[in-house]
Amino acid sequence: MEKRELLYEGKAKKVFATDDENVLLVDYKDDATAFNGLKKGTIAGKGEINNRVTNFMMKLLEKEGVKTHYVEELSNRETLVKRVSIVPLEVIIRNISAGSFAKRYGTEEGIVFDEPTIEFSYKNDDLGDPLINAYHAIALKLATKEEIEKIKAMAFKVNDVMKEFFAGIGIDLVDFKLEFGRLSDGEIVLADEISPDTCRFWDSKTHEKLDKDRFRRDLGNVEDAYNEMMKRIFSK
């Protein structure tokens, strides 16, 4: 597969065209950002870890019946994916109170919910990715009612699979962000990434944070946390 022109460069990834119009090449970067780009830095080795962890999780989810955009891992940093039109919604699943949820609703972190919650943010940097409900998404024609229901069902399925997997390696899956895309025929598939950048991972015993919160909150040992997640995932 031939790598061609750069189509898009985001905060964490570059996306290139290939000689197949239906397949793109994603190159993961070590750049780190937080708070809608207000905080910037670098996490050494992050690109390789996020690429390999994402691909591992995508393959695991495919085995469990969740369709994804994953095609093939080319190297530690580069992966082929199906070209999709991204649905402009960030889908957040929460199992435990943390981060913006705790801040927004005045709760302490660490409260385990009786059942997972779901929320949507409108993917729009200029607006600061505001919270949005399903009715707003439909009114703005970001997705149809049927697509929203499909996305919700897929997101909860992803949560079930990932919670079980991570529990097996001593990790609590606190919350995570997903993105979905439409294939050329309109089918909804899981896209983007699943990594310490997009998930909150806490050690089940110590509750040590093993994710991007170490960067956001200046907790130190960021690279160590990412490497620990990589080690546990690939040792299972």
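Scroll up a little and you will see the structure.
Going along each chain's sequence as written, the residues are numbered from 1 onward. Only residues with pLDDT of at least 70 get local features here, since the model is predicted, and only at 80 or more are side-chain atom pairs given and counted; chain-wide, interface and lining totals rely on the full set of residues. Derived side-chain values reflect all non-hydrogen atoms in the structure, with water molecules and hydrogen atoms excluded from consideration.

Participant: How should empty space enclosed by the protein be read in this particular structure?
Facilitator: Picture a little ball the size of a water molecule; that probe, rolled over the atoms, points out where space is still empty. Method remark: on a 1 Å grid restricted to protein atoms, a set of points is classed as a cavity if a 1.4 Å probe fits but cannot get out and as a pocket if it is open with protein on both sides within 12 Å along at least five of seven lines; lining residues have an atom within 4 Å of a point. Grid points are joined across faces, edges and corners, and a volume is the space filled by probe spheres set on the points. In the structure shown here, the tally under the stated rule is one cavity of 30 Å³ or more. Within this model, the largest cavity holds a volume of roughly 40 Å³. Elements are defined by DSSP. Helices are runs of H or I of four residues or more, strands are runs of E of two residues or more, and each kind is numbered from the N terminus. Of all the secondary structure elements, the ones that give two or more residues to the lining of the largest cavity are strand 3 (23-28), helix 1 (46-63) and strand 7 (78-82). Looking at the lining of the largest cavity element by element, the count peaks at three residues for helix 1.

Participant: It is not clear to me how the packing of helix 1 against helix 6 (residues 222-235) should be interpreted in this structure. Could you clarify?
Facilitator: When two helices pack together, their arrangement is captured by the angle between the axes and the distance separating the axes. Under this scheme, a helix contributes an axis fitted over its contacting stretch, all axes are lines through C-alpha atoms, and angles between N-to-C directions fall in the 0 to 180 degree range. As a packed pair, helix 1 and helix 6 sit with axes 10 Å apart at the nearest point and diverge in direction by 30°. In this view, helix 1 runs roughly parallel relative to helix 6, as classed from their interaxial angle. As for the relative orientation of helix 1 and helix 6, their crossing is left-handed in sense. Residues K46, I49, N50, R52, V53 and F56 of helix 1 form the contact with helix 6, whose participating residues are Y226, N227, M230, I233 and F234. Three categories are distinguished: nonpolar for Ala, Val, Leu, Ile, Met, Phe, Trp, Tyr, Cys and Pro, charged for Asp, Glu, Lys and Arg, and polar for the others, with Gly belonging to the last. Its residues assigned to classes, the contact of helix 1 with helix 6 comprises seven nonpolar, two polar and two charged. The labels follow the angle: roughly parallel below 35 degrees, roughly antiparallel above 145, roughly perpendicular from 65 to 115, and oblique for the rest. Crossing handedness is defined as follows: a turn of the near helix away from the far one that is anticlockwise and smaller than a right angle gives a left-handed crossing, while the clockwise case is right-handed. When checking whether two residues touch, look at their non-hydrogen atoms; a contact exists if any pair is within 4.5 Å.

Participant: It is not clear to me how helix 6 should be interpreted in this structure. Could you clarify?
Facilitator: In an α-helix, one turn spans 3.6 residues, which is why side chains three or four residues apart end up on the same side. Over its 14 residues, helix 6 runs 20 Å from end to end, which matches the ideal 20 Å to within 8%, given 1.5 Å per residue. To sort residues, take the accessible area from a 1.4 Å probe on protein chains only and compare it with the maximum for the residue type: under 20% means buried, over 50% means exposed, and anything in between is partly exposed. Those residues of helix 6 that sit buried are V222, A225, Y226, M229, M230, R232 and I233. Elements in contact with the buried residues of helix 6: helix 1, helix 4 (145-167), strand 12 (171-182), strand 14 (199-203) and helix 5 (213-216). Expected span of a helix: the number of residues minus one, times 1.5 Å.

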